Each structure stands twice: as structure tokens, then as C-alpha cells.
Amino acid sequence: MPDDDRRTPEGLLPLTQAVFHILLALADGEKHGYAIMQEVGERTGGAMRMGPGTLYGSIQRMLKDGLIVETREHAEPVHGDERRRYYRLTSFGLRVLQAEARRLEQLVRIAQFKQVLPGFGTMGGA
Amino acid sequence: MAYPPQYREQAISEQLYRFLLRAYPRTFREEYASEMLLVFRDAYHEVVQQRGLQGVLRLWSNFFCDFVKSVCTEHVRNWLEHGERDFALAGKEQLAMTLQFTLDVAQRTDIGRKRANNEDNLISVVPEDGQLLQTKGALFVVSDGMGGHAHGEIASELTVQNVKDYYYQDLQNDIPTALQEAIKQANVPIYQANEAELARGISNPGMGATCVAAVLHNQMLYAANVGDSRVYVLHAGQLRQVTRDHSLVARLVESGEITPAEARTHEKRNMIYRSLGQSEVEVDLFTEPVQEGDTLILCTDGLCGVIEDDDLRAIVEQYNPTESVQHLIARANEEGGPDNVTAIVVRVSAA
């Protein structure tokens, strides 16, 4: 295990789309590869179509960076007897996800402030 | 065999995807191809149920785009991470016959996870010239370089090349003498480079290297070493360290002051009292018989200082040499990959 907790999440920002979506998909519990793909597809209304290559390429690097870990023993395989690999967020992964979400939030604030988006400063005013 | 049409289509699709998966870099493929195939199968089931053939076509167009993009990405990353040098060194496998044996050889070096460059080097020589093979045998060398400003890389590169050249050029001495002499000769240019830097006023040039070299010839193993890179032999399920490290922790283990496990985490575990780059170098030599079925392992401390001997044995026992070197390096990296990792695995079988 890399010694996560001494690293600052900011060093890894900005995240790629795929990494951000995978982290989000794992935010509420461990999932296997296909479940991650399904959730990303549903959550973006099909706009983000992540294929297996992008998925496992991202997973490989996220494992290396200590954002996620593989949870090997899984009691109930979903389909038949196939042994699937499940992944879950590490505490460092969660901190990176939060940092990225905050960074995006700031960008949205700026967009609102400049009245590119409705919200901040325009609500109720017009 | 006759399948209902939808199963046949699925089987064809799966075969096609399985075929495409071969385009990914080997390490990536070995790790994830079976998972990717499972994902493909799941996605296929889902679209067939929801949208039929049209769904399948849409799936293929998505997955094919993903395939093209991610294959390129993975190859570029693989190249960047392991560097050009690793490409040239990795996965080289030789099958060659010495007089009595067939040798299955695999070698690999990896930067690890913490270092900025790879200062390890390695070479395997199984002469194609039958005459040379008969007189000198097959040679394997591993070296771990030391010194800043790329000096470590140069030192280990010089070591492996020079040991090889001097060993095969020496047609007068017997094998063990020639091997020891080759390492002593390889020391000279490194020592001279240090002297030259001292003369230029550089106070602490510190270019150095470990060296472990093994020759297989006529059912005998000759192993010579300086420093803490090692030769092991796996014989009948038992792993034995052939060479004796010239390191502080090895002495402490021998005197019973610390255990081998403590040696792996000891704060002075990197301290070695013999290395190439000094004015004089003493080379130890170990000789022993080898038999059909034995496996020879050469490695740097980035491997044997990181993983337990039991893990080393389990991997080499379970896998063939090509798979073994991959698993050994992956294992060291799982343990944090604190140093460069290098391994040569040679399996001896009947001719």
C-alpha cells in the first residue's frame, strides 16, 4: 500500500472525466467493472459512454495512485460462478474526489458570477 | 455444433472482442483482459434484451471507439512508464541447448515505484556459436548501479557489458577464474572514472555498482558476486541463496543479531561494504552442481530486499520463467516498489 495519507489530493487534479466518474460511482459503495459502467451511463443519461478499455485503463492508474483498492473476497458473484473484481474508494480517493468536486464547484461559481450560468448574483435580481 | 442464432452471434462477437484484446500491451492484457471480456458479455446481454440487433451495432461502435483510443493510450503509457530501455530488455526469452541441457531464460527490469530512474542492468548470453557454448557456457549478469547524475546507470551498464566481453574473450583461464577476472576487469573503468572526477575536483564522485554473475556449463553453476545482488537456486521445491551478500545487514543476520525479516526494514539495509568502483575488488565465487528441473534466479536487492524468500519460491515454482519475472516484479511493486527491480530466471531442463 502506498503511504496515502501524507500526499495532498491537489497534486492529482484535475482528474480525467473517466476517473472522476469512476470515483463518483464508487462513492456509495464497492462495485465491479460493469456496475461502474452502468452507473456512469445512467447518471449521465448516456452522454458518457465508457468502454472497457477506458474503464480498466483508468482503474489500473487509480490503483497505482492509491485512490481505490480491489476487494478480493466477494461473497456473492452476480452472474453464475464468475469471480469478479470489486473496487472501493480509499480514504485518499475520497479526499481526491472531494477536492475535485470543490474545484469544479468553484468554476461553476465563477461562471455564475460572470452570468454565464444562472444562479449567484442573478437570482431574483432580474 | 448448432447454436440458436442469437448465441452464435454472441459467440462471434465475443471471439472478435477477445481477438481485439490482443492489441493491448501484454502487462495490461494479463491483468485485465478477462475482466474486460466479462464486461463485454454483460453489456452484450443487456443491449440484446433491450434493443436487439440495433443495440448490438451501437455497442460495437462504442466499444470499438473505446478500443482504438485506449489501446493507443495504454501503449503510450507503457512506453513512458517503462522507458525505451525496458522495452529492449523485457520479455526476451531464449531457448538454447548447452551440452546436456535446454535453458529457458527470461529477464526483466523495472524502475519500481519510487525512483526517478532505473540504475539496474542485466544481460543474458547463451552463445549461438556451439563451440563457444561448449567451452564457456551460458552467462547471466545483474548489476545495481549507484551514484547521482546518471552515474549509477552508466556504472551498471559498463559492468554487465564488460563482464560479458571479458568473460567470453578469456580463452586461457578456467571458467571460475575467468568469471572472477571478468568482474575485476569490469571494475577498472568504473574506478578510473571515479579517479578522473576526483582529479577534476569533484569531491565525492561515488560511482559504483554491485555485480552478480552466473555461468552454467556442463551441469555446473559458477556464481560470482560483489555487493548485495544475489543468485538463488530452486531445487526440488527448496529455494537456496547461493551467493553471500557483502552488506552490513547480511553480517548482522549471520551473527544472529537480527532476523532476515528485520534486515528488510533495517535502516542501514542499503549499506554494502564491497562494490565495483574501488581501487581493489575482491570477488567471491560459489560452485555447485545443477540438475534437470533446477531454476536459477539472479536479482537485485529491489527484489530480494523487498519480497520474502517464500514468495520468491512460490512464484518461481508456480510459473514458467517469462511469467515468473513478470510476477516477481509485480510483487515487488505491490510492496511499494521502493527500488529498481531486476530479475533473470533460468529453467534448466533435459535437452
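To be clear, the structure that these remarks concern was listed above.
Note that the structure is predicted; figures quoted are calculated from it, not measured. (Residues numbered from 1 in each chain as written. Chains lettered and ligands numbered in written order. Predicted model: local features only at pLDDT ≥ 70, side-chain atom pairs only at ≥ 80, totals over all residues.)

Q: Please explain the interface of chain B and chain A as it appears in this structure.
A: Interfaces are often described in size by the accessible area the parts lose on coming together. At the junction of the two partners, chain B supplies 20 residues and chain A supplies 15 residues. Here the side of chain B that touches chain A is built from residues that sort into 10 nonpolar, four polar and six charged. (Contact = placed C-beta atoms within 7 Å. Nonpolar A, V, L, I, M, F, W, Y, C, P; charged D, E, K, R; others polar.)

Q: What is the right way to look at helix α1 (residues 17-26) of chain A in this model?
A: Residue pairs spaced three or four apart in an α-helix point in one direction, given the helix's 3.6 residues per turn. For α1 of chain A, the tally of buried residues reaches eight of 10 residues, placing the bulk of the element in the interior. On the buried face of α1 of chain A, the contacting elements are β1 (31-32), α2 (33-43), α3 (52-64), β2 (68-71), β3 (86-89) and α4 (91-113) of chain A. (Buried ≥ 20, exposed ≤ 12 C-beta atoms within 10 Å, placed from the backbone. Helix = DSSP H or I, 4+ residues; strand = E, 2+ residues; numbered from the N terminus.)

Q: Teacher, can you tell me more about helix α10 (residues 321-334) of chain B here?
A: Residues and elements named next belong to chain B. Over its 14 residues, α10 runs 20 Å from end to end, which matches the ideal 20 Å to within 8%, given 1.5 Å per residue. Buried within α10 are the following residues: P321, S324, V325, Q326, H327, L328, I329 and A332. Directly beyond the C-terminal end of α10, a positive phi value near 110° is found at G336. (Expected span 1.5 Å × (residues − 1).)

Q: Could you clarify how one ought to interpret the pairing of strand β7 (residues 220-226) of chain B in this entry?
A: Looking along a regular strand, one sees side chains alternate from face to face of the sheet. Residues and elements named next belong to chain B. Of all seven residues in β7, six are buried; the element is thus mostly enclosed. Two successive antiparallel strands, strand β6 (residues 211-217) and β7, enclose a turn made up of two residues, where N218 displays a positive phi of approximately 45°. In the sheet, β7 pairs with strand β10 (residues 284-289) via six bridges, with the strands oriented antiparallel. Bridge pairing in β10 places L221 opposite E288. (Pairing = 2+ DSSP bridges.)

Q: Where do I start with the packing of helix α9 (residues 309-318) of chain B against α10 of chain B in this structure?
A: When two helices pack together, you describe them by how their axes are tilted relative to each other and by the distance separating the axes. All names here are of chain B. Orientation of α9 relative to α10, taken along the N-to-C sense of each, is 150°, at an axis distance of 9 Å. It follows that α9 is roughly antiparallel to α10 by the angle criterion. Like other packed secondary-structure pairs, α9 and α10 cross with a definite hand, here right-handed. Here α9 contributes D311, L312, I315 and V316 to the contact with α10, which in turn contributes S324, H327, L328 and R331. (Axes fitted to C-alpha atoms, helices over the stretch in contact; angles between N-to-C directions. Parallel < 35°, antiparallel > 145°, perpendicular 65-115°, else oblique. Left-handed = near helix turned anticlockwise from the far one by under 90°.)

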